[in-house]
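Examination of the molecular architecture
Take a look at the letters that make up each chain.
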Amino acid sequence: QVQLVESGGGLVQAGGSLRLSCAASGRTFSNYVMGWFRQAPGKEREFVAAISRHGSNTYYAESVKGRFAISRDNAKNTVYLQMNSVKPEDTAVYYCAGRFGSTVQVATTFYNYWGQGTQVTVSS
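These figures come from a predicted structure and were not determined experimentally. (Residues numbered from 1 in each chain as written. Predicted model: local features only at pLDDT ≥ 70, side-chain atom pairs only at ≥ 80, totals over all residues. Heavy atoms only, no water.)

Following the criterion strictly, the structure yields one disulfide and no others. At a sulfur-sulfur separation of 2.0 Å, the disulfide partner of Cys 22 is Cys 96. Disulfide Cys 22-Cys 96: the torsion about the S-S bond is -80°, which places it as left-handed. A residue pair is termed long-range when its members are at least 10 positions apart, and Cys 22 in strand 3 (residues 18–24) and Cys 96 in strand 9 (residues 92–100) qualify at 74 residues. Given a relative accessible area of 0%, Cys 96 falls into the buried group. (Disulfide = S-S within 2.5 Å. Helix = DSSP H or I, 4+ residues; strand = E, 2+ residues; numbered from the N terminus. Buried < 20%, exposed > 50% of the residue type's maximum accessible area, 1.4 Å probe, protein only.)

Glancing now at the side chain of Ser 52. Along the chain, Ser 52 falls in the loop between strand 5 (46–51) and strand 6 (58–60). Overall, Ser 52 belongs to the buried group, its relative accessible area being 8%. Leave out the neighbours within four places in its chain, and Ser 52 touches Val 33, Asn 57, Arg 72 and Val 104. (Contact = heavy atoms within 4.5 Å.)

What follows is about the pattern of salt bridges. Evaluated as defined, the whole model comprises four salt bridges. Taking the shortest distance from any N to any O, the salt bridge between Asp 90 and Arg 38 comes out at 2.9 Å. Separated by 52 residues along the polypeptide, Asp 90 in the loop between strand 8 (78–83) and strand 9 and Arg 38 in strand 4 (residues 32–39) bring together distant segments of the chain. On the basis of relative accessible area, Asp 90 is assigned to the buried category, the value being 1%. (Salt bridge = Lys/Arg side-chain N within 4 Å of Asp/Glu carboxyl O.)

See the structure below:
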């Protein structure tokens, strides 16, 4: 059982940058694989990025490759999503997710701990 809280969302112009943070409670953060997902109005939640327990392996949706970067600081129990060159289609509620273990997967159903989300709006 772990609690995840996202922050850093807001309004940003197309082409700009934004950095999201996800703070995790507990003492076993380094044992969790972590991911970022997003959900736009009227659409299903979709995978954005994921990272292994110690940050050695990262995975990205094709739509964000080269623009977004996921990272983590286990000493701070925090995972980040650096969003660069944002586009209007990036507008969505962004969710942080985690699962205890060493295997990284991109399916929504894989993750069993979720934050409440933070809104990201990209203006044109």
